[in-house]
Amino acid sequence: MNNRNLHKRSLAVHAGTRRSQYGEMAEAMFMTQGFVYETAEQAEARFEQVGDDEFIYARYGNPTNRMFEDRIAALEGTEDAFATASGMAAVNGALMAICQSGSHVVAARALFGSNLYVLDIMQRYGVEVTLVDGTDLDQWRAAVREGTTAVFFESVSNPALEVVDITAVAEIAHAHGALVIVDNVFATPVFSRAVEQGADVVIYSTTKHIDGAGRGLGGIICGTRQFVREVAEPYLKHTGGAISPFHSWMMLTGLTTMDLRVRAMSDTAHAIAKDLSGHGALSRLIYPGLPDHPQHELAMQQMGSGGTMVALEVAGGKDAAFAMLNRLNLVLISNNLGDAKSIVTHPATTTHQRLSEGDRARLGISPGMIRLSVGLEDADDLIADLRQALER
Ligand SMILES: *Cc1c(COP(=O)(O)O)cnc(C)c1O
């Protein structure tokens, strides 16, 4: 299939499909760890040089995994991709594969808790990490220097929804030869134009919007063929970060409806944010799609949408936030996001519990903050549920 002239919605349904001799319609699930060689010579040859449609061991590659990798690469506009067991295997894999003792990484401070943990681990092995306010370009300029290996940030941060200017940070990084690695989970492949904006490596936790139904873990690293196959793959295939073919198959089916789901969820998130904005029980509402968001214009330029996530700050701190969560009927308390089911999370006591109170405050995670992942339910039902939970 020639992907060149197709839009994302077509690519999400068709790109990367490989059919066996049976011509099956649905993507086949190759639940096999290994592959049989006709002769010893063939095995030897394959270990010397793996051909385009050849596989050795599922930790290295598998036909179903390859379909998933090719489909996401087509959507993201990168030459290649490597699928991993989880989003964290992808973050860890991309960063560890490119760094060594003495490397320097500049990262935005506002990161998902486990992303911060990976940076801590890297420091134990002699990688120097400088944390900056991702929205302050002067801080990026001051921190990135000749010899900086990589910059790393969430294009929209979890959970405070700070938007980082990919184009501007990439310009600073590239002027010093640093690789731009973007965790693009909140932007989703639907709204991402990260590569044309200057990202070199784009990472997704496919557990989120790509699966879209909260069924299983997955991750993916998208980049040039050189980065994916010569930097990331050797690290991942030898350290065991491979995704299960079953999960790749789930993700492939998830992708076919991703565009419709994410657009519907974003429309509903926008409607909820507009409805609850200024509500008396809230001290703050953060949604990049509303004009009062500090990076609203950037968000619209970079993604063309405010996305599927809304952050609410309930007046009255933790007790008031907990009381609101406990009054919800339709919206579920959990910690996934990008799911068809709407989910609320209290970051201070769950996803970001490990951080000190000071660090949380610096990331904008107050005791009253609630992260809302908007699902596929009816917008009016969600608004009614959230409103009744906010009533005293
Ligand atoms: C969930 C998440 C991850 C980690 O993904 P897993 O699939 O849970 O390992 C990384 N970054 C961000 C922004 C996330 O939301």
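Since the structure is predicted, the reported quantities are computational estimates derived from the model, not experimental observations. (Residues numbered from 1 in each chain as written. Predicted model: local features only at pLDDT ≥ 70, side-chain atom pairs only at ≥ 80, totals over all residues. Heavy atoms only, no water.)

Enquirer: I keep staring at the side chain of S248 and nothing clicks. Help me out?
Expert: Within the element layout of this structure, S248 appears in helix α10 (residues 245-276). Every residue in contact with S248, bar those within four places of it in the chain, is listed here: T64, N65, F68 and I243. (Helix = DSSP H or I, 4+ residues; strand = E, 2+ residues; numbered from the N terminus. Contact = heavy atoms within 4.5 Å.)

Enquirer: Quick question: what am I supposed to make of the pattern of salt bridges here?
Expert: If the charged atoms of two oppositely charged side chains come close together, the side chains can form a pair. One pass over the full model with this rule turns up 18 salt bridges. E27 is paired through a salt bridge with R71; the nearest N and O atoms lie 2.7 Å apart. Placement of the pair is E27 in the loop between α1 (8-14) and α2 (40-48) and R71 in helix α3 (residues 63-76), with a sequence separation of 44 residues. Residue classification places E27 among the buried residues on the basis of a relative accessible area of 14%. In this structure, E196 and R193 form a salt bridge, with 3.1 Å as the shortest nitrogen-oxygen distance. Among the charged side chains, a salt-bridge network with shared partners connects R66, E69, D80, R225, R229, E233 and K237. (Salt bridge = Lys/Arg side-chain N within 4 Å of Asp/Glu carboxyl O. Buried < 20%, exposed > 50% of the residue type's maximum accessible area, 1.4 Å probe, protein only.)

Enquirer: Any chance you could explain a nonpolar patch on the surface here in plain terms?
Expert: Together, M29, M31 and F246 give the surface a local cluster of nonpolar side chains, amounting to about 280 Å² of exposed area. For M31, the position within the fold is in the loop between α1 and α2. On the accessibility criterion, M31 (53% relative accessible area) is exposed. (Patch = residues over 30% accessible without salt bridge, like charges linked within 9 Å, V, L, I, M, F, W, Y side chains within 5 Å. Areas by Shrake-Rupley, 256 points an atom, 1.4 Å probe, with all protein chains shown as cover.)

Enquirer: Help me understand the environment of L290, please; the structure alone is not making it clear to me.
Expert: In this fold, L290 is placed in the loop between β8 (282-286) and α11 (296-303). Beyond its immediate stretch of four places on either side in the chain, L290 contacts H270, A273, K274, S277, L285 and H296.

Enquirer: Would you mind showing me how to read the sheet that holds strand β10 (residues 332-333) here?
Expert: Strand pairs in the sheet, formed through backbone hydrogen bonds, run parallel or antiparallel to each other. The five strands are arranged β8-β9-β12-β11-β10 in an open sheet whose pairing can be described as mixed. In this open sheet, the two edge strands, each paired with only one partner strand, are β8 and β10. As judged from the two bridges shared by β10 and strand β11 (residues 343-345), these two strands associate in the parallel manner. Residue pairing for β11: L332 is matched across the bridge by I343. (Pairing = 2+ DSSP bridges.)

Enquirer: I would appreciate a short explanation of α11 in the present structure.
Expert: Because each turn of an α-helix spans 3.6 residues, side chains separated by three or four positions in sequence point in the same direction. Listed in full, the buried residues belonging to α11 are H296, L298, A299, Q302 and M303. Buried residues of α11, viewed axially, fall in a sector of 160 degrees; they line one side. Pointing more than 90 degrees away from the buried face of α11 are the exposed residues E297 and Q301. Among the structural elements, α7 (166-175) and α8 (188-191) are those in contact with the buried residues of α11. Count one or two residues on from α11 and you reach G304, which has phi positive near 70 degrees. (Arc of directions from axis to C-beta.)

Enquirer: Is there a simple way to think about the domain arrangement of the chain in this case?
Expert: Quite often, the size of an interface is put as the accessible area lost when its parts meet. Split into domains, the chain comes out as domain 1 (3-254) and domain 2 (259-391). A straight line from the C-alpha centre of domain 1 to that of domain 2 covers 27 Å. Note on domain 1 versus domain 2: buried area summed over both sides is about 3,100 Å², and carbon and sulfur give 61% of it. Between D120 and R354 there is a salt bridge, and its shortest N-O distance comes to 3.7 Å. (Domains from an automatic or database assignment. Buried area = accessible area lost by both parts, 1.4 Å probe.)

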